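Summary of the model geometry
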Amino acid sequence: MHGLSGINIELTSRCQKACHCCGRRKLEREHPELAKYGDMPIEMVKRIADQIPPGVFIQLHRDGEPLLYPRFDEALKLFSGHYIGLNTNGKLLMEKAEAIRTYLSTITISIIPDDPEEDEQLDIAQRFLEFEHRPLVIFRMLGQIDHTRKELIDSWTRLYPKVMLCHRILHSPDGSFDYEKRTTKPEAGLCLEMLHKLAIDRFGNVYPCVRFDPLKKNLLGNVDDAPWGLDGNNNSLLHAWLGKKRKQWIQHHIDGRRDLVPLCKDCDFWGCPRG
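Quick look at the structure, then.

Structural notes on the environment of Thr184
Relative to the helices and strands, Thr184 is located in the loop between strand 7 (163–168) and helix 7 (192–196). Exposure remark for Thr184: the relative accessible area of 36% places this residue in the partly exposed category. C-alpha of Thr184 to C-alpha of Arg274: the two residues are 90 residues apart in sequence and 6.8 Å apart in space. Not counting residues up to four positions away in its chain, the partners in contact with Thr184 are Trp270, Cys272 and Arg274.

Focus: the packing of aromatic side chains
With the rule as written, the count across this model stands at two aromatic pairs. On the numbers, 5.7 Å between centres and 75 degrees between planes, the contact of Phe128 with Phe131 is edge-to-face. Residue class for Phe128 comes out buried when judged on its relative accessible area of 0%. Note on Phe139 and Trp156: the rings are 5.3 Å apart at their centroids and 45 degrees apart in plane angle, and the pair reads as tilted. Pair noted here: Phe139 is in strand 6 (residues 136–142) and Trp156 is in helix 6 (residues 147–159), with a separation of 17 residues, a long-range link.

Focus on the side chain of Arg149
If you trace the backbone, Arg149 turns up in helix 6. In this structure the side chain of Arg149 is engaged in a polar contact, spanning 2.7 Å, whose partner is the side chain of Glu118. Among residues more than four places away in sequence, those in contact with Arg149 are Glu118, Asp119, Leu122 and Met141.

As for the environment of Pro70
Position of Pro70 relative to the elements: it lies in the loop between strand 2 (57–59) and helix 3 (72–78). A relative accessible area of 56% places Pro70 in the exposed class. Spatially, the C-alpha atoms of Pro70 and Cys166 are 29 Å apart, while their sequence positions differ by 96 residues. Leaving out residues up to four positions away in the same chain, Pro70 has contacts with Arg14 and Asp39.

Cut-offs and rules
- Residues numbered from 1 in each chain as written.
- Predicted model: local features only at pLDDT ≥ 70, side-chain atom pairs only at ≥ 80, totals over all residues.
- Heavy atoms only, no water.
- Helix = DSSP H or I, 4+ residues; strand = E, 2+ residues; numbered from the N terminus.
- Buried < 20%, exposed > 50% of the residue type's maximum accessible area, 1.4 Å probe, protein only.
- Contact = heavy atoms within 4.5 Å.
- Phe/Tyr/Trp six-rings, centres within 6.5 Å; stacked < 30°, edge-to-face > 60°.
- Polar contact = N/O pair within 3.5 Å; in protein donor to acceptor, adjacent residues only side chain to side chain.

Below is the structure:
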């Protein structure tokens, strides 16, 4: 799987917050039949872990809150030979602190300025920062961040080791378009996520990126669909990575025809996050 730099694995699609910018809220209103939240079976997590080659950055999140996964510690152990990160709202940081400190390389805490639970999230995060041994903590501030909040987190970067502030612009809850600011296009001319990433939802569906895709427009396959290899191992991720559909979509990008890729035609993201 040469070229694969990162893979997102959705341990759970459940979340205990109701952020205004989250596409899940609109999905629940307009397509409740698609809002089937739950957890990935641990047996599927193991099958996925067994297929991932060394050196790939594992991010244990997609659209849900990973710290809600009931077998969180067990899942992290399955990826213990990799760099591991995840994106969280941080509300369960202290409850999951031991596993986080033992297995994670990085942890990103997403905070929306003026969210009703923002103060609670920041209070919990500060307590977590006081651990002597812990992973790199990235504060991902979504939308307009005021001077007071920026000064607070900047002070944490000076006071505590391994702390980073990462500002991100907001986009439409429907997907990666209508950003507050113009997005960045890479000089390579094609989406860097399409080129280097995979994402797996809690049902085992495989996608070329982690963009919000409730209608499965850019579905590549499922971890249980592919045939078994000659060595007796299921090669489903390799099948998705090298398959005809992904290769065709990359070629469309190279040809300047993102409009021929189902989800990409409506997406303004090119794999280059902007603050």
